[in-house]
2 protein chains.
Amino acid sequence: MNSSHFPNRMNARDYLAMFNNTASPGNRGMSLEDDVNESNAFYVAREIASIHKKPTPVQIVKVDYPARSAAVIKEAYFRQPSTTDYNGVFAGKYIDFEAKETKNKTSFPLANFHPHQIEHIKLVLKQKGIAFALIRFTSLNETYLLDGEYLIPYWEKSKQGERKSIPYGDIKKLGHLIPEGYQPRLDYLKIVKDVYIKL
Amino acid sequence: MNSSHFPNRMNARDYLAMFNNTASPGNRGMSLEDDVNESNAFYVAREIASIHKKPTPVQIVKVDYPARSAAVIKEAYFRQPSTTDYNGVFAGKYIDFEAKETKNKTSFPLANFHPHQIEHIKLVLKQKGIAFALIRFTSLNETYLLDGEYLIPYWEKSKQGERKSIPYGDIKKLGHLIPEGYQPRLDYLKIVKDVYIKL
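Not measured: the values here are computed from a predicted model.

Some thoughts on the overall build of chain A
Move 1: Counting its regular elements, chain A contains six helices and ten strands.
Move 2: The proportion of buried residues among the 199 residues of chain A is 35%.

The following block contains the structure:
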C-alpha cells in the first residue's frame, strides 16, 4: 500500500469524500476529480462518450450478513490501483487517463504517479490507445492534457536521477489547456477531439 | 443494492473469494472470472492487450487510521456497478465485456444482467467500441462470446414480456465458442481478433 494514499493533512471526512465522490462540507471549490466525474456523467448522459472512473480497489477481509440485502463490510483495506483511474471509449477510440492536481506553481511532481501507472500508460500506447494525464495547477486554476508520449520521457529521466518534476513551462508548451465551463465543467474531450481525432 | 449480489447459497468464504479473486478451498475447478482474470494477466504480461477487471465498487462509510500506512475500512457496503466488469484496449480497439456463467443447460437467464449494464453496452456500441458477453454453461463446460448487438434484442424482447432467457441453441449459432487451454486459459482475444479485427 502506497502511503501517498493517506496524506496526513486530510481528515477522515475529506478522505471519505474523496472515495465516495461526495462533496465534503470542508471543501473549498471542486476537486479535479469532481470536475472529471461530472464531465463524464455529462458525456454519458448525452451519449457523447462512455468514460468512467474505476472504483477504488479494496481488499475485503470480513463481511457480516445481517440480512440478504444488507451485507456489511466490517474489515477491508485500500489496495494500490494497477491501472490509471479513468478509461472508456469515445468515437471509436480507447481513452485512458489519470487526473492529478498539484498546489505547486512552477512544476508538477512526478511522485504523483505510481510506477505501475506509467507501465500501464506505456502498454496502452503500445496497443494504440489514447493515453494522457490531466494535470491541474490548483493555484493557477489551469488544467492541462499532457499526452502519455510526453509524460514517459520525464518519468524515465527522473528514474535516472534527473529532476523529479515536469516544469510548468514544459507542460504549457507540450500540453493543451482544457477549457472550463458550466456543462461539462471540464471539456477535455474537446481537446481529445482536436488533438487525436481530427488530425 | 441488487440482492443478486448476495446469493443465499454462498458462504462467507466463497463470497470473499469472489471479490478478492482468491481461490476458495471450497471451490471445485475455476470460475469463469478466475479464467478471464488469469487470461488478462497473461495478455498484459505479454503486452498483447491491456484489459482489466474493474474493482468491486464499495461505498466507504467508516475508516480507522491507526497509522499512516494502515488505514482500516471498518464499515462499507457493496454498490451496484454502473458498467460491465471488464474493459481495455487491444490492437487499437476498445474492448468491453461482462462475464457470466450459468448452471442451466438449455438457456442463459437474462436476469444475470442489470439494466444499466445493457445501457452501458448500448452506449459502447454507439461509440463504436467492441462490446460482448462471455457466457459460460458450466454444466457443458462451454464458454461463448456473444456480441452485444445480438444480446440486446433478447434483452429488449424480455422486457416486452417475451422469454427471459436466451436459448442455448441461439448462443451456439450466434456466438463463438472460445478455445480453452493452458496459457491463456480462455483465449477470448483469439475470437475477438477473428470476429472483429480480421474482417
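With respect to the pairing of strand β7 (residues 130-137) of chain B
Residues and elements named next belong to chain B.
Move 1: Along β7, eight of the eight residues are buried, which leaves the element largely enclosed by surrounding structure.
Move 2: With burial as the criterion, each face of β7 is covered, one bearing Ile130, Phe132, Leu134 and Arg136 and the other bearing Ala131, Ala133, Ile135 and Phe137.
Move 3: Relative to β7, strand β5 (residues 93-102) is paired through eight bridges, and the arrangement is parallel. Counted as the bridge partner of Glu101 is Arg136 from β7.
Move 4: Across six bridges, the pairing between β7 and strand β8 (residues 142-147) is antiparallel.

Some details on the sheet that holds strand β10 (residues 176-177) of chain A
Residue and element names in this part refer to chain A.
Move 1: Taken together, the six strands give an open sheet; going across it, the order is β1-β4-β5-β7-β8-β10, and neighbouring strands pair in mixed fashion. A single partner strand is all that each edge strand has here, and the edge strands are β1 (50-53) and β10.
Move 2: Contacting β1, β4 (86-90), β5 (93-102), β7 (130-137) and β8 (142-147), helix α2 (residues 32-45) runs over the sheet at an angle of about 150° to β1.

Some points on the sheet that holds β5 of chain B
All names here are of chain B.
Move 1: Spatially, six strands are ordered β1-β4-β5-β7-β8-β10 in an open sheet, and the strand pairing comes out mixed. In the strand order of this sheet, the two ends are held by β1 (50-53) and β10 (176-177), each with one partner.
Move 2: Relative to β1, helix α2 (residues 32-45) is tilted by about 150°, and along the sheet it contacts β1, β4 (86-90), β5, β7 and β8.

Some points on the packing of helix α3 (residues 115-126) of chain A against helix α4 (residues 148-159) of chain A
Residue and element names in this part refer to chain A.
Move 1: Between α3 and α4, the least distance of the axes is 10 Å, while the angle of their chain directions is 140°. When the interaxial angle is binned, α3 and α4 end up oblique. Crossing angle aside, the handedness with which α3 passes α4 is left-handed. When α3 is examined against α4, the residues Ile118, Ile121, Lys122 and Leu125 are found in contact with a partner set consisting of Gly148, Glu149, Leu151, Ile152 and Trp155.

Some points on unusual backbone geometry
All names here are of chain A.
Move 1: Across the junction of Gln183 and Pro184, the peptide omega takes the value -5°, indicating a cis bond.
Move 2: Here the phi dihedral of Glu47 falls at roughly 60°; this positive angle occurs in a residue that is not glycine.
Move 3: Looking at where Glu47 falls in the secondary structure, it is placed in the loop between α2 and β1.
Move 4: Exposure remark for Glu47: the 11 C-beta atoms within 10 Å place this residue in the exposed category.

What about helix α6 (residues 188-197) of chain B?
All names here are of chain B.
Move 1: Buried within α6 are the following residues: Tyr188, Leu189, Ile191 and Val192. Around the axis of α6, the buried residues are gathered within 150° of arc, so they sit on the same side.
Move 2: The inward-facing, buried residues of α6 abut α2, β4, β5, β7, β8 and β10.

Points about the environment of Asp170 of chain B
Residue and element names in this part refer to chain B.
Move 1: Mapped onto the elements, Asp170 comes out in helix α5 (residues 168-174).
Move 2: Owing to 15 C-beta atoms within 10 Å, Asp170 belongs among the partly exposed residues under this scheme.
Move 3: Taking C-alpha positions, Asp170 is 9.9 Å from Leu146, a pair spaced 24 residues apart along the chain.

Topic: the environment of Asn40 of chain A
Residue and element names in this part refer to chain A.
Move 1: Of note, Asn40 is situated in helix α2.
Move 2: On the basis of neighbour counts, which here come to 22 C-beta atoms within 10 Å, the residue Asn40 falls in the buried class.
Move 3: Considering only alpha carbons, one finds Asn40 and Tyr86, 46 residues apart in sequence, at a separation of 9.7 Å.
Move 4: In this view, Asn40 contacts Ile51 and His52; residues no more than four positions away in its chain are not counted.

Points about the confidence of the model for chain A
Residue and element names in this part refer to chain A.
Move 1: Per-residue confidence for chain A gives a mean pLDDT of 87; residues scoring 70 or more make up 84%.
Move 2: Confidence drops under pLDDT 50 across residues 1-28; counting only partners more than four residues distant or on other chains, this segment forms 31 contacts.
Move 3: Across the interfaces of the predicted complex, the ipTM metric reaches 0.84, alongside a pTM of 0.84.

Some words on helix α3 (residues 115-126) of chain B
Move 1: Between its first and last C-alpha atoms α3 of chain B spans 17 Å; for twelve residues at 1.5 Å apiece the expected length is 16 Å, and the two agree.
Move 2: Among the residues making up α3 of chain B, those that are buried are Gln117, His120, Ile121, Leu123, Val124 and Leu125 of chain B.
Move 3: Along its buried surface, α3 of chain B packs onto α2, β1 and β4 of chain A together with β5, β7 and α4 (148-159) of chain B.
Move 4: Downstream of α3 of chain B by a residue or two, Lys128 of chain B has a phi angle that is positive, lying close to 65°.

Rules behind the numbers
The residue count restarts for each chain, going from 1 along the sequence in the order it is written. Ligands are numbered from 1 and chains lettered from A, in the order in which they are written. This being a predicted model, a pLDDT of at least 70 is required before a residue's local features are given, and a value of 80 or more before pairs of side-chain atoms are given or counted; all residues contribute to the totals for chains, interfaces and linings. Here a helix means four or more residues in a row that DSSP labels H or I, a strand means two or more in a row labelled E, and each is numbered from the N terminus. Here the C-beta atoms are placed from the backbone, and a residue counts as buried if at least 20 other C-beta atoms lie within 10 Å of its own, exposed if 12 or fewer do, and partly exposed otherwise. Two strands are counted as paired when DSSP detects at least two bridges linking them. Contact definition: two residues whose C-beta atoms, as placed from backbone geometry, lie within 7 Å. Axis lines are fitted through C-alpha atoms, for helices just across the contact stretch, and the angle between N-to-C directions can take any value from 0 to 180 degrees. In these notes the angle categories are as follows: under 35 degrees is roughly parallel, over 145 is roughly antiparallel, 65 to 115 is roughly perpendicular, and the rest is oblique. It is the rotation of the near helix from the far one that decides the hand of a crossing: anticlockwise by less than a right angle makes it left-handed, clockwise makes it right-handed. For this quantity, the arc is that covered by the directions from the helix axis to the C-beta atoms. Scored from 0 to 100, pLDDT records how confident the predictor is in each individual residue. A helix is expected to reach a length of 1.5 Å times the quantity of its residues less one.

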